[in-house]
Amino acid sequence: MPLLNWQALKPNQVTGTVFNDLDDEKVLDELNMDMFEEHFKTRAQGNTTDVSNIKKKVVQKAPSKLSLIEANKAKNLSISLRKGGMNPSAICTAIETYDQKSLSIDLLEILVPFIPSDYEMKLLLNYEKDGRPLEELTDEDQFVLRFGKIPRLKQRINTFTFMGNFPDTVKRLQPQLNSIIAASMSIKSSTKLKKILEIVLAFGNYMNSSKRGAAYGFRLQSLDLLLETKSTDRSQTLLHFITSIVQEKYPDLANFHTEIHFVDKAALVSLDGILQDIRSLERGMEATQKEFQQDDRAVLRDFIQSNSQQLETLLKDSKTAQEAYASAVEYFGENPKTTQPSMFFPTFGRLIKAYKAAQQQLEQQKKKAESVSSEEKAPPSPSKAGGQKGPMMMPKMDLIAELKKRQVKPQVREGKDGALEDIITDLRNTPYRRTDGRRPPPPRQDT
């Protein structure tokens, strides 16, 4: 007869379930199993199974043990202890002695939900007080009784967990603080980036001079518009044109991005999250010091002495990161209270990435133009003679023409380093100057 591959419950798992009230032997007595075997027997099956033998196997029950804790809780605890692979008594001893070598943090955190309630401890202690044998309790109940007797159990587990997680937490937070500090300081101190922004401001004021007053600055998100603004023939963006100007007129700025560091890593950091984690470390260290006053074990003393200074350094770096970030954000006209690193740093990351891509495209265009130029200098073949009427115009001329169309009367503000005047002089055929050599003060535009 084939086997029924069900998942059988253990005797101690039947208590309190529907199966505890079922009588399968009675069913076997009431039914004629010969017909059943005739229909389900296998080809290799021999004589009919003796039902009396089945009855004997059915009635063989394992001796049941008493359980005073909630059934589902006991079941989950049994699974957790089995997965932990550690003797229950050894677990309790490791907690009492803060033995991190014997007891893993993972197993300890799994056991936290099984801390006995006051009601459960009262039941177990009364059972023990009555002098009844503990062996009659289930293994789970015996563990909970031993577990609950550990002095200041919750405080010990919290301290144990804090001590075990402290090194990894510091190792995770320190690089994030470093990236915030480095990115903030490098962006604010970059003189080349400042010059690039001055050039962008110059172009923006030049393009808007016919319809708007001169702007004294712009929001950082406006940098994304450099890729969206395209020339008349849509062959290049404003960023491509500015990149070509930088390479031709300001070659010392071409590598401005080398002065900016860790913006990609800083963009992934939640500064508020870091500060919250550091406050948790402070509270954990304070709790450990209080626990040491209750239980002056050497392991607690050594931990406090070896890690207090490390926590102090982390606190100082967190303050430095806050100050450096707030200073950088305010320096670029943004609000540090409403601007998160995930919003601030990616703006510069996108600018650098797009600028490098524009550099590569311009280099490819330059090589292509040189190749075409060399072909033009070669003696033309009879079939190609007269085929080309004139030289190719530079791609940027289209954008210059578009800028000239928009220009009615320039109302722009000169940059601090004179970059604006150089750009306008280069773009226009005839430089604009007043007879007195000064330009009228432009109306200020709020941005």
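The rules behind each value
- Residues numbered from 1 in each chain as written.
- Predicted model: local features only at pLDDT ≥ 70, side-chain atom pairs only at ≥ 80, totals over all residues.
- Heavy atoms only, no water.
- Helix = DSSP H or I, 4+ residues; strand = E, 2+ residues; numbered from the N terminus.
- Buried < 20%, exposed > 50% of the residue type's maximum accessible area, 1.4 Å probe, protein only.
- Lys, Arg positive; Asp, Glu negative; His and termini not counted.
- Salt bridge = Lys/Arg side-chain N within 4 Å of Asp/Glu carboxyl O.
- Polar contact = N/O pair within 3.5 Å; in protein donor to acceptor, adjacent residues only side chain to side chain.
- Contact = heavy atoms within 4.5 Å.
- Expected span 1.5 Å × (residues − 1).
- Bend = angle between axes of the 7 residues up to and from the residue.
- Axes fitted to C-alpha atoms, helices over the stretch in contact; angles between N-to-C directions.
- Parallel < 35°, antiparallel > 145°, perpendicular 65-115°, else oblique.
- Nonpolar A, V, L, I, M, F, W, Y, C, P; charged D, E, K, R; others polar.
- pLDDT = per-residue confidence, 0-100.
- Phe/Tyr/Trp six-rings, centres within 6.5 Å; stacked < 30°, edge-to-face > 60°.

**So, the side chain of D317**
Moving on, step 1. Along the polypeptide, D317 turns up in helix α16 (residues 298–331).
Moving on, step 2. No salt bridge is formed by the buried D317, whose closest oppositely charged neighbour, K316, lies at an N-O distance of 8.5 Å.
Moving on, step 3. Within the local environment of D317, its side chain forms a polar contact with the side chain of Q174, the two groups lying 2.8 Å apart.
Moving on, step 4. Excluding residues that lie within four positions of it along the chain, D317 makes contacts with Q174, L177 and I181.

**Topic: the pattern of salt bridges**
Moving on, step 1. With the rule as written, the count across this model stands at eleven salt bridges.
Moving on, step 2. Among the salt bridges present, the one from D224 reaches R350, with a minimum N-O distance of 3.1 Å. Taken together, the positions of D224 in the loop between α11 (191–208) and α12 (225–228) and R350 in helix α17 (residues 341–377) put the pair 126 residues apart, joining distant regions of the chain.
Moving on, step 3. Looking at R350, the relative accessible area reads 40%, which means it is partly exposed.
Moving on, step 4. In this structure, the salt-bridge partner of D302 is R301, at a minimum N-O distance of 4.0 Å.
Moving on, step 5. It is possible to trace a salt-bridge network through shared partners that takes in R156, D295 and R297.

**Points about α16**
An α-helix turns once every 3.6 residues. As a result, residues three or four positions apart point the same way.
Moving on, step 1. Here α16 contains 34 residues, and its C-alpha end-to-end distance of 50 Å stays within 8% of the 50 Å for a straight helix at 1.5 Å per residue.
Moving on, step 2. Bending of α16 peaks at approximately 35° at the position of N307.
Moving on, step 3. Phi turns positive one or two residues past the end of α16, at G333, with a value near 80°.

**What to know about the side chain of S231**
Moving on, step 1. Within the fold, S231 resides in the loop between α12 and α13 (238–249).
Moving on, step 2. Here the side chain of S231 touches D233 through a polar contact of 2.8 Å, side chain to side chain.
Moving on, step 3. A distance of 3.3 Å separates a polar atom in the side chain of S231 from the backbone nitrogen of S235.

**Some words on unusual backbone geometry**
Moving on, step 1. One non-glycine residue, Y98, adopts positive backbone phi at about 55°.
Moving on, step 2. Tracing the sequence through the fold places Y98 in the loop between α6 (88–97) and α7 (105–111).
Moving on, step 3. For Y98, a relative accessible area of 2% puts it in the buried group.
Moving on, step 4. The phi dihedral of F262 is positive, around 60°, even though this residue is not glycine.
Moving on, step 5. The topology assignment puts F262 in the loop between α13 and α14 (263–266).
Moving on, step 6. Since its relative accessible area comes to 44%, F262 is described here as partly exposed.

**Thoughts on the packing of helix α8 (residues 118–129) against helix α9 (residues 139–148)**
Moving on, step 1. Axis separation between α8 and α9 bottoms out at 10 Å; the angle between their running directions is 100°. When the interaxial angle is binned, α8 and α9 end up roughly perpendicular. Between α8 and α9, the contacting residues are M121, L124, L125 and E128 on the first element and D141, V144, L145 and G148 on the second.
Moving on, step 2. For the contact of α8 with α9, the residue count by class is five nonpolar, one polar and two charged.

**Brief notes about the confidence of the model for the protein**
Moving on, step 1. A residue-level look at the protein finds 70% of positions with pLDDT of 70 or above and a mean pLDDT of 79.
Moving on, step 2. Considering only residues more than four positions removed or in separate chains, one finds that residues 408–420, a stretch of pLDDT under 50, has 40 contacts.
Moving on, step 3. Ignoring residues within four places in sequence, the model shows residues 429–439, a span with pLDDT below 50, making eleven contacts including any to other chains.

**Remarks on the packing of aromatic side chains**
Moving on, step 1. Using the criterion set out here, one finds 14 aromatic pairs in the structure.
Moving on, step 2. A ring pair is formed by F332 and F344, whose centres lie 6.2 Å apart and whose planes are at 55°; its orientation type is tilted. Taken together, the residues F332 in the loop between α16 and α17 and F344 in helix α17 connect sequence positions twelve residues apart. Considered together, F332 and F344 belong to a single accessibility category, that of buried residues.
Moving on, step 3. Taking 5.3 Å as the distance between ring centres and 70° as the angle between the ring planes, the aromatic pair formed by F344 and F348 counts as edge-to-face. Highlighted residues: F344 and F348, both in helix α17, separated by four residues, approximately one helical turn.
Moving on, step 4. By relative accessible area, which is 1% here, F344 ends up buried.
Moving on, step 5. Grouping aromatic residues by their ring pairs yields a cluster made of Y325, Y331, F332, F344, F345 and F348.

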